[in-house]
Amino acid sequence: MNAPTFDSVQVGDELPALALSAVDRTTLALFAGASGDHNPIHIDIDFARKAGMPDVFAHGMLGMAWVSRMVTGWAPQAQMRRYDVRFAGITHLGNVIRCSGKVVEKLEAERCVRVEVQSANQYGQTKIAGDVLVALP
């Protein structure tokens, strides 16, 4: 796919979706190591259960990273001007996450597009939602 340009992108255009494998303990352990976030609720089942959870679950920042990966697969990271998302749900083990985005606004003066982004599991439950502002040549 060619890199998007301001003139080639239209409101309603969808970004190529990012489909991921099911979340597993290895993914969580690797992310904990890479990020330095070793919060035991994400890697220690006994700790998670004591906190009232059925099992460990994904870091919120991991979900944000997946959404960012989807956006930067479409346009270079250097073109991202704003990243504004919120956590909408817990990503449990076994969730199969799909990240998607759609151009919802073109800002002529800035030559930017606003992209509505989200991640959802295989049951359609939203996990991350928000928007990203991307400058396009």
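Refer to the structure printed above.
Quick look at the structure, then.

Definitions and limits used
Residues numbered from 1 in each chain as written. Predicted model: local features only at pLDDT ≥ 70, side-chain atom pairs only at ≥ 80, totals over all residues. Heavy atoms only, no water. Helix = DSSP H or I, 4+ residues; strand = E, 2+ residues; numbered from the N terminus. Buried < 20%, exposed > 50% of the residue type's maximum accessible area, 1.4 Å probe, protein only. Contact = heavy atoms within 4.5 Å. Areas by Shrake-Rupley, 256 points an atom, 1.4 Å probe, with all protein chains shown as cover. Lys, Arg positive; Asp, Glu negative; His and termini not counted. Charge placed at Lys NZ, Arg CZ, Asp CG, Glu CD. Pairing = 2+ DSSP bridges. Axes fitted to C-alpha atoms, helices over the stretch in contact; angles between N-to-C directions. Salt bridge = Lys/Arg side-chain N within 4 Å of Asp/Glu carboxyl O.

## Overview of the overall build of the protein chain
- For the protein chain, the helix and strand inventory stands at 3 helices and 5 strands.
- Listed by position from the N terminus, the elements making up the protein chain come as β-α-α-α-β-β-β-β.
- Along the longest, intermediate and shortest principal axes, the C-alpha atoms of the protein chain span 55 × 30 × 25 Å.
- The buried share of the protein chain, taken over its 137 residues, is 40%.
- Excluding contacts between residues fewer than 6 apart, the proportion of contacts in the protein chain whose partners are at least 24 apart in sequence is 65%.
- When the accessible surface of the protein chain is summed, it comes to about 7500 Å², and 51% of that surface belongs to carbon and sulfur atoms.
- Averaging the positions of the 13 positive and the 14 negative side-chain charges in the protein chain gives two centres separated by 2 Å.

## Quick word on the sheet that holds strand β1 (residues 18-22)
- The sheet built from 5 strands is open, its strands ordered β1-β3-β4-β5-β2 with antiparallel pairing. Two strands in the sheet have a free side with no partner beyond their single neighbour: β1 and β2 (80-87). The sheet shows a mean angle of 15° between the axes of neighbouring strands, direction not considered.
- Judged from the 7 bridges that link them, β2 and strand β5 (residues 126-135) form a sheet pairing that is antiparallel. For Val 85, the partnering residue across the bridge sits in β5 and is Gly 130.
- Lying on the sheet, helix α3 (residues 60-72) is in contact with β1, β2, β3 (96-107), β4 (112-120) and β5; it crosses β2 at an angle near 140°.

## Quick look at the environment of Leu 15
- Mapped onto the elements, Leu 15 comes out in the segment before β1.
- Residue classification places Leu 15 among the buried positions, given a relative accessible area of 5%.
- Sequence-wise, Leu 15 and Thr 5 are 10 residues apart; in three dimensions their C-alpha atoms are separated by 13 Å.
- When residues no more than four places from it in sequence are discounted, the contact partners of Leu 15 are Met 70, Val 71, Trp 74, Gly 101, Lys 102, Val 103 and Val 115.

## Examining the pattern of salt bridges
- Using the criterion set out here, one finds 5 salt bridges in the structure.
- In this structure, the salt-bridge partner of Arg 25 is Asp 55, at a minimum N-O distance of 2.6 Å. Residue Arg 25 is located in helix α1 (residues 25-35), and its partner Asp 55 is located in the loop between α2 (45-50) and α3; the two are separated by 30 residues in the primary sequence.
- Arg 25 gets classed as partly exposed once you look at its relative accessible area, which sits at 44%.
- We note a salt bridge from Arg 82 to Asp 131, for which the minimum N-O separation is 2.9 Å. Taken together, the residues span a long stretch of sequence, with Arg 82 in strand β2 and Asp 131 in strand β5 at a distance of 49 residues.
- Judged by relative accessible area, which is 36%, Arg 82 ranks as partly exposed.
- The buried category is assigned to Asp 131, whose relative accessible area is 14%.
- Salt bridges sharing partners connect three or more residues here, namely Arg 82, Glu 105, Arg 114 and Asp 131.

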